[in-house]
Amino acid sequence: MSSAIPGMPAGKPAGIRCIHLTENHLCGIFGHPDRPQVCADFDAEPSVCGSHRDEALILLTRLEEETS
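Only a predicted model underlies this, so the values are computations on that prediction, with no experimental measurement involved.

Now for the overall build of the protein. Along its length, the protein carries three helices and zero strands. Counting helices and strands in the order they occur from the N terminus, the protein gives α-α-α. Its C-alpha atoms give the protein a radius of gyration of 12 Å, near enough to 11 Å, the size a compact globule of 68 residues would have. Each of the three principal axes of the protein carries a C-alpha extent, and together these read 30 × 25 × 20 Å. Within the protein, the proportion of its 68 residues that are buried is 15%. Residue pairs at least 24 apart in sequence account for 20% of intrachain contacts in the protein once pairs closer than 6 positions are excluded. For the protein, the exposed area adds up to about 5,100 Å²; of that, 58% sits on carbon and sulfur atoms. Separation of charge centres in the protein, based on 5 positive and 10 negative side chains, amounts to 5 Å.

Structure representation (structure tokens):
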């Protein structure tokens, strides 16, 4: 579970889409002062996100499961 974010005061559970993720898979609160530090600290590098969206979903799901 992540830290609290606007609209998700208990944080974002693993496997649940962030309510701020746009249809284009971009952060809807990027650059906003309420954007949580956990998001700002996230480094979308190939070892975490792979080389395409489907691979990213697999890798990120595994990472969330390991940390929850």
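Now that the structure is up, let's keep going.
Turning to unusual backbone geometry, a few remarks are in order. Non-glycine residue H25 carries a positive phi angle of around 65°. Assignment of secondary structure puts H25 in the segment before α1 (37-41).

Along the chain, the position of V38 falls in helix α1. On the accessibility criterion, V38 (41% relative accessible area) is partly exposed. If sequence neighbours within four positions are ignored, V38 has contacts with S2 and S3.

Another aspect to go through is the confidence of the model for the protein. Within the protein, residue pLDDT values average 87, and 97% of them lie at 70 or more. When the elements of the protein are averaged for pLDDT, helix α3 (residues 53-67) gives the smallest value, 84, and helix α2 (residues 46-49) the largest, 88.

Summarising the element assignment, H32 is placed in the segment before α1. Residue class for H32 comes out partly exposed when judged on its relative accessible area of 39%. The sequence separation of H32 and C49 amounts to 17 residues, and the corresponding C-alpha distance is 23 Å. At 3.0 Å, the side chain of H32 forms a polar contact with the backbone nitrogen of D34.

What counts, and where the lines are drawn
Throughout, a residue's number is its position along its own chain's written sequence, starting from 1. The model is predicted, so local features are restricted to residues of pLDDT at least 70 and side-chain atom pairs to those at 80 or more, both for listing and for counting; the totals for chains, interfaces and linings are taken over all residues. Only heavy atoms go into the side-chain values, all of them from the structure, while hydrogens and water stay out. Helical segments are the DSSP runs of H or I of at least four residues, strand segments are the runs of E of at least two, and each set is numbered from the N terminus. Values of the radius of gyration come from C-alpha atoms, whereas the globule rule sets the reference at 2.2 Å times the count of residues to the power 0.38. Throughout, exposure labels follow a simple rule: accessible area from a 1.4 Å probe, protein chains only, divided by the maximum for the residue type, with under 20% read as buried, over 50% as exposed, and the rest as partly exposed. Whether two residues are in contact is decided by their heavy atoms, any of which lying within 4.5 Å being enough. To measure how exposed things are, a 1.4 Å probe is used in the Shrake-Rupley method; for residues, cover is taken only from the protein chains shown. Counted charges follow a simple rule, with Lys and Arg positive, Asp and Glu negative, and His plus the chain ends left uncounted. Charge placement uses NZ in Lys and CZ in Arg. For Asp and Glu, CG and CD serve respectively. As a per-residue quantity, pLDDT reports the predictor's confidence and falls between 0 and 100. Distance and chemistry together define a polar contact, namely a pair of N or O atoms within 3.5 Å, with one atom able to donate a hydrogen and the other to accept it when in protein, and with adjacent residues in sequence counting only for side-chain atoms on both sides.

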